[in-house]
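Each chain is listed here by its residues.
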Amino acid sequence: DAGVTQSPTHLIKTRGQQVTLRCSPKSGHDTVSWYQQALGQGPQFIFQYYEEEERQRGNFPDRFSGHQFPNYSSELNVNALLLGDSALYLCASSLSGENEQYFGPGTRLTVT
Amino acid sequence: EDQVTQSPEALRLQEGESSSLNCSYTVSGLRGLFWYRQDPGKGPEFLFTLYSAGEEKEKERLKATLTKKESFLHITAPKPEDSATYLCAVRAYGQNFVFGPGTRLSVLP
């Protein structure tokens, strides 16, 4: 049973560019959440997708957007990258109505 | 606003030296408190969910407990492979997860 997968593993972008990160949820899960984790800090909630719609959103600007596909996989898009966007981006999946969420390995984004 | 703090920030133990990590939280309507383990450069690994004060859960050398204001993760006779960052998170009804900053645990052989 495949767990949560994310791609790419690492990414280096230049300030002002745009980036797309991808996530495939654990088999059987229908809900995907995205988190940003800066070095030495806990994950910060960006948003959650369920039934292809954004269900909840954390305190992140509109430069951060997402999408969920019919197969429950998801993308995180970040426009106009800033140096401060450098972080580990984590995807977590869960089954709607259940408490437990399971994380992928993350995508390390470096903005130069 | 939901808040989670963890202490200590970092902890060094000798192999076999038991200790506890603390997670203090402020939340309206706790739906669950969660413990995760995170190895460097990897995603958090789920450990426990606690739902109500007085609840305890165990897994190998780890035991999590919950009160109305805090949770403890007790580590009994730790081994070097227990070295990791331990994250605590809370979830209120109608809200999403709020994580603490974590405790970095190092277990020396």
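Above this text sits the structure in question.
The structure contained in this document is the topic of the report that follows. (Residues numbered from 1 in each chain as written. Chains lettered and ligands numbered in written order. Predicted model: local features only at pLDDT ≥ 70, side-chain atom pairs only at ≥ 80, totals over all residues. Heavy atoms only, no water.)

## Notes on the state of the cysteines
As a reminder, the rule being used: Here, a disulfide means two cysteine sulfur atoms that sit within 2.5 Å of each other. Each helix corresponds to a stretch of at least 4 residues labelled H or I by DSSP, and each strand to a stretch of at least 2 residues labelled E; elements are numbered beginning at the N terminus. Burial classes: relative accessible area under 20% of the type maximum marks a residue as buried, over 50% as exposed, and values in between as partly exposed (1.4 Å probe, protein chains only).
Overall, the coordinates contain two disulfides over all chains when judged by the stated rule. Disulfide pairing is shown between Cys-23 of chain A and Cys-91 of chain A; the S-S distance is 1.8 Å. One quick way to see it: the torsion about the S-S bond of Cys-23 of chain A and Cys-91 of chain A is about -55 degrees, and its sign makes the bridge left-handed. Taken together, the positions of Cys-23 of chain A in strand S3 (residues 19-24) and Cys-91 of chain A in strand S9 (residues 87-94) put the pair 68 residues apart, joining distant regions of the chain. This pair shows no difference in class: Cys-23 of chain A is buried, exactly as Cys-91 of chain A is. Each sulfur in the disulfide pair Cys-23 of chain B and Cys-88 of chain B lies 1.9 Å from the other.

## Focus: the sheet that holds strand S7 (residues 62-66) of chain B
Residue and element names in this part refer to chain B. Spelled out, the test is: Think of it this way: DSSP has to see at least two bridges between two strands before they count as a pair. Structural elements are reduced to axes, namely lines fitted to C-alpha atoms, with helices fitted over the stretch in contact, and the angle between N-to-C directions of any two is expressed from 0 to 180 degrees.
Taken in spatial order, the five strands line up as S1-S3-S8-S7-S6 in an open sheet, and their pairing is antiparallel. Sheet topology places strand S1 (3-7) and strand S6 (56-59) at the edges, where each strand pairs with a single neighbour. Ignoring which end each strand starts from, the neighbouring axes of this sheet average 15 degrees apart. Bridge count between S1 and strand S3 (residues 19-26): five bridges; the pairing is antiparallel. Residue Ser-7 lies in a different strand from S3, and its bridge partner there is Asn-22.

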